[in-house]
Amino acid sequence: MKAYVLSSSPVESRILVNILSKQGIATTLVQAPDEIGDKTSDECMIFLDWDNPKLSPAQKSALCQLLRRDAAERTFVVGQRAVESELVQAVEGRDSYVVYKPIETEDVHQKVSYVRKAAFAKMKLDARVINAFVQGVASTFETMMQMSPVRDKVYMLDPENPAGVTDALCDISGVMGLSGDYHGSVVISLPVRLALKATARMLGEPERTSLDAGVRDCLGEIINIIAGQAKAALTSTPYRFALALPTVIVGKGHKVHIQEDSPTLVMVFSMEGDRFCIQVNIRPGKPGEV
Amino acid sequence: MRILIVDDSSTMRRIIGNCLKGMGNHEIHEANDGVEGMSKLDELKGVDLILTDWNMPNMNGLQFIQAVKASQYGSTPMIMVTTEAEKTKVVEALKAGAKNYVVKPFTPQVIQEKIKQVIGG
């Protein structure tokens, strides 16, 4: 998620930016309501400084109404306890929040965390997308490597705990970017032993002893084929995207950070005594986004 | 027969090469992208068959097919081997001059069959 801070105070704006950045939230400072305008969406939170002298009480109430309509559950009114009743009235009957000054880190963290979890709970990934990638994984391994992956578990990655993917699965990852009507990425992560075995089967050669250039290239090709299969299966759905060139990451227990503003599906598969996982992150492309 | 495999993945070049070995004693050449593919054609003074990927850096497979068709090697039969499986993409490649189309993932039998269809073996 992203945040907009509408405040005339550079000091308090900076405090909010620092607090939010610790939660991995990118913040944009704005001086006037129209700078937020139509940017409100499920992906953003708005912090409105109630002490902003440029806004009259009537303007603030009107703004709250507008934000409530466009960004319900994601508006935070920031003000002094001295005007508590005014603040409470501003958010009354709505799922917005009051943050009192002086701004306390823990208070903001708790409220933001709740909002993110609520937004996350609403995130769903279309079963067609899930099935397309599951099928892509199965047909790629079965056709190219004569290996039969079995789906172990499928879950949505918790944005509050992005370390949800087991480190033990992440010795080597192949990453494929998606662009077009839908944006995102597909990541396959494997432990060393399985990566070496898959490469040997795919090339019809003896197993290598390390994650050398050949294994890395092979992983890039595997994720390329999986994403291509899913893309083809989704042709007749709104989920249309183009494939980028694959990249490969090597390192024990590495993390692949993916965009936080959209749901990430994690699929864990078992195969020949080992496990590997596929992460799929996909969201509608934004205007002007390439 | 001299065959040129154009693919930015060394893995895929090797897999296709292994499929071809099962079809007889061919002379196999490789290129990493379309630009390198054109250079190889000049270097070899042409080949008998080209298998090319679609998504590659510098010059993609479609551009490569178009470049080959527009060159002195325009009569060389070409097969697109790609993850792009949409019907519109297949039509696009065939219109550009590909003689056949293989979607990844594939088995060695599929590659061999498609080559036979093109070269009439």
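Just so it is clear, the structure is predicted and the values come from calculations on it, not from any experiment. (Residues numbered from 1 in each chain as written. Chains lettered and ligands numbered in written order. Predicted model: local features only at pLDDT ≥ 70, side-chain atom pairs only at ≥ 80, totals over all residues. Heavy atoms only, no water.)

(A) Seen up close, the overall build of chain A. Within chain A, the regular secondary structure consists of 7 helices and 12 strands. Scored against the burial criterion, the 290 residues of chain A give a buried share of 52%. Taking as baseline every contact in chain A between residues at least 6 positions apart, the subset at least 24 positions apart corresponds to 68%. Accessible surface, chain A: about 12900 Å² in total, of which carbon and sulfur atoms supply 52%. (Helix = DSSP H or I, 4+ residues; strand = E, 2+ residues; numbered from the N terminus. Buried < 20%, exposed > 50% of the residue type's maximum accessible area, 1.4 Å probe, protein only. Contact = heavy atoms within 4.5 Å. Areas by Shrake-Rupley, 256 points an atom, 1.4 Å probe, with all protein chains shown as cover.)

(B) The state of the cysteines, seen in detail. Residue and element names in this part refer to chain A. Scanning all chains against the criterion turns up 0 disulfides over all chains. C277 provides the cysteine sulfur closest to C170, a residue in no disulfide bond, and the two sulfurs are 5.2 Å apart. Look at C170 and you get buried, because its relative accessible area is 5%. (Disulfide = S-S within 2.5 Å.)

(C) Structural view of the interface of chain A and chain B. With 22 residues of chain A at the contact, the number on the chain B side is 21 residues. Taken together, the two surfaces of chain A and chain B that pack against each other cover about 1700 Å², and 56% of this comes from carbon and sulfur. The interface formed by chain A and chain B holds 5 salt bridges in total. Notably, a salt bridge pairs A:E205 with B:R14, separated by 3.0 Å at the nearest N-O pair. On the surface where chain A and chain B come into contact, there are 12 residue pairs in polar contact (both at pLDDT 80 or more). Broken down by secondary-structure element, the contributors of at least two residues to the side of chain A that touches chain B are helix 5 (127-145), helix 6 (192-203) and helix 7 (213-233) of chain A. Among the elements that take part in the side of chain A that touches chain B, helix 7 of chain A stands out by supplying 10 residues, more than any other. Of the residues in the side of chain A that touches chain B, the class split is 8 nonpolar, 8 polar and 6 charged. (Buried area = accessible area lost by both parts, 1.4 Å probe. Salt bridge = Lys/Arg side-chain N within 4 Å of Asp/Glu carboxyl O. Polar contact = N/O pair within 3.5 Å; in protein donor to acceptor, adjacent residues only side chain to side chain. Nonpolar A, V, L, I, M, F, W, Y, C, P; charged D, E, K, R; others polar.)

(D) Unusual backbone geometry, seen in detail. Cis geometry is found at the peptide bond from A:K101 to A:P102, where omega equals -5°. Assignment of secondary structure puts A:P102 in the loop between strand 5 (97-101) and helix 4 (105-122). Cis peptide bonds are those with omega within 30 degrees of zero, and the linkage from B:K104 to B:P105 qualifies with 0°. Relative to the assigned elements, B:P105 resides in the loop between strand 5 (100-103) and helix 5 (108-119). Of note, the phi angle at A:Q146 is positive, near 50°, even though the residue is not glycine. In this fold, A:Q146 is placed in the loop between helix 5 and strand 6 (150-156).

(E) Representation of the packing of aromatic side chains. All names here are of chain A. Per the counting criterion, the structure on display carries 5 aromatic pairs over all chains. Considering the side-chain rings of F47 and F76, the 4.4 Å spacing of their centres and the 10° angle between planes classify their relative orientation as stacked. Of this pair, F47 sits in strand 3 (residues 44-49) while F76 is found in strand 4 (residues 75-80), placing the two residues 29 residues apart along the sequence. Across the pair, exposure class does not vary: F47 and F76 are buried alike. Pairing F269 with F276 gives two aromatic rings, centres 5.2 Å apart and planes at 15°, and the pair type is stacked. Here F269 and F276 have matching classes, each one buried. Three or more aromatic residues joined by ring pairs make a cluster, and in this case those are F47, F76 and Y97. One cation-aromatic arrangement involves R81 over Y100; the distance from NZ or CZ to the ring centre is 4.0 Å. (Phe/Tyr/Trp six-rings, centres within 6.5 Å; stacked < 30°, edge-to-face > 60°. Lys NZ or Arg CZ within 6 Å of the ring centre and 35° of its normal.)

(F) Here's a closer look at the environment of A:Y239. Residue and element names in this part refer to chain A. In this structure, Y239 sits in the loop between helix 7 and strand 9 (242-243). A relative accessible area of 13% places Y239 in the buried class. In this view, Y239 contacts D126, R128, V129, Y182, L234 and I282; residues no more than four positions away in its chain are not counted. Engagement of the side chain of Y239 in a polar contact is seen with the side chain of D126, the distance being 3.2 Å.

(G) Expanded view of the packing of helix 2 (residues 34-44) of chain B against helix 3 (residues 61-69) of chain B. Residue and element names in this part refer to chain B. Direction vectors running N to C along helix 2 and helix 3 enclose 25°, while the axes themselves pass 9 Å from each other. Put simply, helix 2 runs roughly parallel to helix 3. Considering the relative orientation of helix 2 and helix 3, their crossing is right-handed. Between helix 2 and helix 3, the contacting residues are G34, G37, M38 and L41 on the first element and F64, A67 and V68 on the second. Of the residues belonging to the contact of helix 2 with helix 3, the class tally is 5 nonpolar, 2 polar and no charged. (Axes fitted to C-alpha atoms, helices over the stretch in contact; angles between N-to-C directions. Parallel < 35°, antiparallel > 145°, perpendicular 65-115°, else oblique. Left-handed = near helix turned anticlockwise from the far one by under 90°.)

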